[in-house]
Structure formats: C-alpha cells, structure tokens
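Residue-level listing of the chains:
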Amino acid sequence: MVLDTWFPKPRVGKPCGSSKSVFLTPEQANAAFGSRAAACFLSDPRRAISVIPVKTVIEDLAQPPRDPHDVYLRLHLLSHRLIRPNEANLEGLFGLLVNVAWTSLGPCLPEQIEELCWATRLSTATLEVRGIDKLPRMTDYVVPVGVRIADASRVRLGAHLGKGTTVLHEGFCNFNAGTIGSSMVEGRISAGVVVGDGTDIGGGASIMGTLSGGGKQVVSIGERCLLGANSGTGIGLGDDCVIEAGCYVTAGTLVRQTSGEVVKAVQLSGKPNILFRRHSQTGAVEAIPRNSSWGSLNPALHAL
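Each chain carries its own residue numbering, running from 1 in the direction its sequence is written. Thresholds applied to this predicted model are a pLDDT of at least 70 for local features of residues and 80 or more for the giving and counting of side-chain atom pairs; totals over whole chains, interfaces and linings are not thresholded and use all residues. Working from all heavy atoms in the structure, the side-chain values ignore hydrogens and water.

What about the overall build of the chain?
Line of reasoning, step 1. When helices and strands are tallied, the chain shows four helices and 26 strands.
Line of reasoning, step 2. By principal-axis analysis of the C-alpha atoms, the chain measures approximately 70 × 50 × 40 Å.
Line of reasoning, step 3. Each residue is assigned to one of three classes by its accessible area relative to the maximum for its type, calculated with a 1.4 Å probe on protein chains only: buried under 20%, partly exposed between the two thresholds, exposed over 50%. Within the chain, the fraction of its 304 residues that count as buried is 43%.
Line of reasoning, step 4. Every residue pair with non-hydrogen atoms within 4.5 Å of one another is taken to be in contact. Taking as baseline every contact in the chain between residues at least 6 positions apart, the subset at least 24 positions apart corresponds to 47%.
Line of reasoning, step 5. Element-wise, carbon and sulfur atoms account for 52% of the exposed surface of the chain, whose accessible area totals about 15,400 Å².
Line of reasoning, step 6. All tallies of charge rest on Lys and Arg as positive and Asp and Glu as negative; His and the ends of each chain are not included. Charge placement uses NZ in Lys and CZ in Arg. For Asp and Glu, CG and CD serve respectively. Looking at the chain, you have 29 positive and 26 negative side-chain charges, and the mean spots of the two groups are 3 Å apart. Think of it this way: any DSSP run of H or I at least four residues long counts as a helix, any run of E at least two long counts as a strand, and we number them from the N terminus. Shrake-Rupley sampling with a 1.4 Å probe provides the accessible areas, and residues are treated as covered by the protein chains on show and by no other component.

A closer look at the sheet that holds strand 11 (residues 172-173)
Line of reasoning, step 1. For two strands to be treated as a pair, DSSP must find at least two bridges joining them. The five strands are arranged 11-14-17-20-22 in an open sheet whose pairing can be described as parallel. Looking at strand neighbours, the two that pair on one side only are strand 11 and strand 22 (248-249), the edges of this open sheet.
Line of reasoning, step 2. Alignment of strand 17 (residues 206-207) against strand 20 (residues 232-233), held across two bridges, turns out to be parallel. The residue bridging Ile-207 from the neighbouring strand is Thr-233, located in strand 20.

Let's talk about the pairing of strand 5 (residues 100-103)
Line of reasoning, step 1. The side-chain alternation of strand 5 yields two buried faces, one formed by Val-100 and Trp-102 and the other by Ala-101 and Thr-103.
Line of reasoning, step 2. Pairing analysis gives four bridges linking strand 5 to strand 7 (residues 129-133), with the strands arranged antiparallel. Paired with Thr-103 across the bridge in strand 7 is Val-129.
Line of reasoning, step 3. Of the strand pairs in this sheet, strand 5 and strand 6 (residues 106-108) are connected by three bridges, and their pairing is antiparallel. Of the residues in strand 6, the one forming a bridge with Trp-102 is Pro-107.

A closer look at the UniProt feature "binding site: Mg(2+)" (unreviewed entry) in the chain
Line of reasoning, step 1. Listed under "binding site: Mg(2+)" (unreviewed entry) in the UniProt record, and renumbered for this structure, are Glu-170.
Line of reasoning, step 2. Within the fold, Glu-170 resides in the loop between strand 10 (166-167) and strand 11.
Line of reasoning, step 3. Excluding residues within four positions of it along the chain, Glu-170 makes contact with Arg-154, Glu-186 and Gly-187. UniProt positions are given in the numbering used here, feature names are shortened, and annotations may be inferred rather than shown by experiment.

A closer look at helix 2 (residues 68-79)
Line of reasoning, step 1. To estimate the expected span of a helix, count its residues, drop one, and scale the result by 1.5 Å. Relative to the 16 Å expected for 12 residues at 1.5 Å per residue, helix 2 spans 17 Å between its end C-alpha atoms, a close match to the ideal helical length.
Line of reasoning, step 2. Of all 12 residues making up helix 2, 12 are buried, and the element is well covered by its neighbours.
Line of reasoning, step 3. Within the span of helix 2, buried status applies to Pro-68, His-69, Asp-70, Val-71, Tyr-72, Leu-73, Arg-74, Leu-75, His-76, Leu-77, Leu-78 and Ser-79.
Line of reasoning, step 4. Residues of helix 2 that are buried make contact with strand 1 (20-23), strand 4 (54-57), helix 3 (93-96), strand 5 and strand 9 (159-160).
Line of reasoning, step 5. Counted as a polar contact is a pair of N or O atoms within 3.5 Å, where, for protein atoms, one must be capable of donating a hydrogen and the other of accepting one, and residues adjacent in sequence contribute only when both atoms are in side chains. For helix 2, the side-chain oxygen to backbone nitrogen distance between the N-cap and His-69 is 3.0 Å, and the N-cap itself is Asp-67.

Observations regarding the nonpolar core
Line of reasoning, step 1. Membership of the largest hydrophobic core comes to 55 residues, with the highest contact counts inside it found for Ile-189, Ile-207, Ile-221, Leu-227, Leu-237 and Phe-276.
Line of reasoning, step 2. When residues of this core are traced back to their parent elements, those giving at least two are helix 2, strand 5, strand 25 (274-278) and strand 26 (285-289).
Line of reasoning, step 3. Beyond its immediate stretch of four places on either side in the chain, Phe-276 contacts Ile-235, Leu-237, Val-242, Ile-243, Glu-244, Cys-247, Val-249, Leu-268, Glu-286 and Ala-287. In this text, buried Ala, Val, Leu, Ile, Met, Phe, Trp, Tyr and Cys residues form a nonpolar core when linked through side-chain atoms within 4.5 Å.

Overview of the pairing of strand 26
Line of reasoning, step 1. The buried count for strand 26 comes to four of five residues, which makes it a mostly enclosed element.
Line of reasoning, step 2. Relative to strand 26, strand 25 is paired through five bridges, and the arrangement is antiparallel. Paired with Leu-275 across the two strands is Ile-288, which belongs to strand 26.
Line of reasoning, step 3. Hairpin connection, strand 25 to strand 26: the antiparallel pair is bridged by six residues, and Gly-283 has positive phi, about 85°.

Focus on unusual backbone geometry
Line of reasoning, step 1. Positive phi is not limited to glycine here, since Ala-48 has a value of about 55°.
Line of reasoning, step 2. Take Ala-48: it is sitting in the loop between strand 2 (43-44) and strand 3 (49-50).
Line of reasoning, step 3. A positive phi angle, near 60°, is found at Arg-224, a position not held by glycine.
Line of reasoning, step 4. As for its placement among the helices and strands, Arg-224 is situated in the loop between strand 18 (220-221) and strand 19 (226-227).

Considering the pattern of salt bridges
Line of reasoning, step 1. Here, a salt bridge means any side-chain nitrogen of Lys or Arg that lies within 4 Å of a carboxyl oxygen of Asp or Glu. A complete count under the given rule lists nine salt bridges for this structure.
Line of reasoning, step 2. With a closest N to O distance of 3.3 Å, Asp-44 and Arg-46 form a salt bridge.
Line of reasoning, step 3. Accessibility expressed as a relative area gives 33% for Arg-46, which makes it partly exposed.
Line of reasoning, step 4. Close ionic contact of Asp-44 with Arg-47 constitutes a salt bridge, the shortest N to O distance being 2.9 Å.
Line of reasoning, step 5. Residue Asp-44 is classed as buried on the basis of its relative accessible area of 11%.
Line of reasoning, step 6. The class for Arg-47 is buried, based on a relative accessible area of 11%.
Line of reasoning, step 7. Through salt bridges with shared partners, a single network forms among Asp-44, Arg-46 and Arg-47.

Structural data, given as structure tokens:
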C-alpha cells in the first residue's frame, strides 16, 4: 500500500522506458540523488511505514494513471509548472489512492493515529494531525518560485500557481487547477479550472469545477477578469470580464442582454468584455458590454 511519493526533480521529455514504476536499489538511489538519499530510506514502526526509492516513467500523459506513484508524478508535474491543468489524464486517481492521515510526523494510515498519540506522549515530540484525505497540501512537496500562500492547507498538491500569484487566507486552489500568471486568489478555484493572468478572484467567490456532480465542461477564466466578493460562475469568462459582487452565474442562468434578448448564460461562455450584474430592482441578471478597466491588481502584492 502506497501512502505518498515525493519526486524532488521531475522531468518532461522523451520517456526512457515503458510506463511503469520500479523500485530502485540503494545504489541506484544514491546515483540519482546523492549520498544524502540513503538516510531517507528507513522504516518508522510508530507509523508502520517504510520509505522505499522508486522510479516512475509515464509514456503518455493522455492515458489514465496506472498506480499511486504515477498519480503523484502527474501532480508534481502540475505543481512544478511543467504541465498545465488539464494536460494530463487524471481519470480514476481517487481509486488508486488511500485515505491518509497527514501528520507532523509524516503520513500514515488513519488507524495508526492512536499509536502515534501514545508514542508522542511518551516522548517530547508533538503530534499534529493536519488532515485526513487522499491528497496532501502542495507545500509539503513543492514550493513554486514567485508565489505567496497565506495558508498552506488551502492549496492541494497538483495545483498550478503561476509566478506572481497570491493566495490569501481564505483562498483555495484544488489539484489540476490554478493560475497561469499573476492573480489574486481570495476565493475558490475548483478542480479543472484555469485562471488567466491579471485576474482577481474576490473573497468568497467560487468557480465551478468538474470534480463533483458529473460536470464535464471545463471552465476557464480569461485575463484581467474580476469576480467580486461572494460571486461565482459555472461558465467560462473571456478576457476583461466582471461578475458583480454577490452575483452567481450558472450555465442555465437566464441573462438579459442590452438588446432585450434573454439567453442562457452558457451562450455567453468565453466571450470577452462582459459585466454580469443583477438588477437591483427587478433581480434580473444582466450582461452589459464593458470597455473600461476595473482597476487591475495591486502590483505591490504580486511583485516577485
């Protein structure tokens, strides 16, 4: 049973070998990572785990992952910015992973927590259980250059954060999702969602993903967009779009255009220069053409 896999320096290029994961000998591991690797391959009876060197090759990212090591390599490639969201097939990944207790002493199975509690109470160590989930937080494995993350628990491994991105305390970014350039994230970026450069996801804002509910439409947000506080979208936005604070636009939302025509919001998906707002008297959702800036990001918050 595999709890996790760490790939310190994953690479993309022409695969050297077939798609599979193979265990390495200590000599092979030392040749790959240097002599410091030997000290890592130990057993921990408190967590009932062993650390074993492994090599994983993925011949075709379009094919589903074959084993847990394969899953973790794809997630590392995303967080290292070697591939972008939706460029790797992640179908079936949850069926290949087990629930893991992510603790300050390392990952273990949830049923080992009681044993760890006894072990720490008999020593000077401190046990913190940071979560029980199939995926860990990104920063325990990958720390991308040029980003700010106020609360590391809010960004999962497999998130793709572009240089200059800031994720504040209530911001969240799931795996196989993220930003391409500088963005402010105070809301939720769900699985499968890609956010363009210069976009601000306001506090409490939400972007529908494809992880739950059977949704298949990949939602992308263009450049220089603004999702106001507590707003949300289930459709894609083109460049320079704004969703007014508190307004949630789903695919089936009926939207009135300036011409008077009422259409489902999905018909406007991906179109640029639109302000989505709710009429303060009638409550109708409107789509208004816009050609001026909403103010842009604060450059001081995104300087590298």
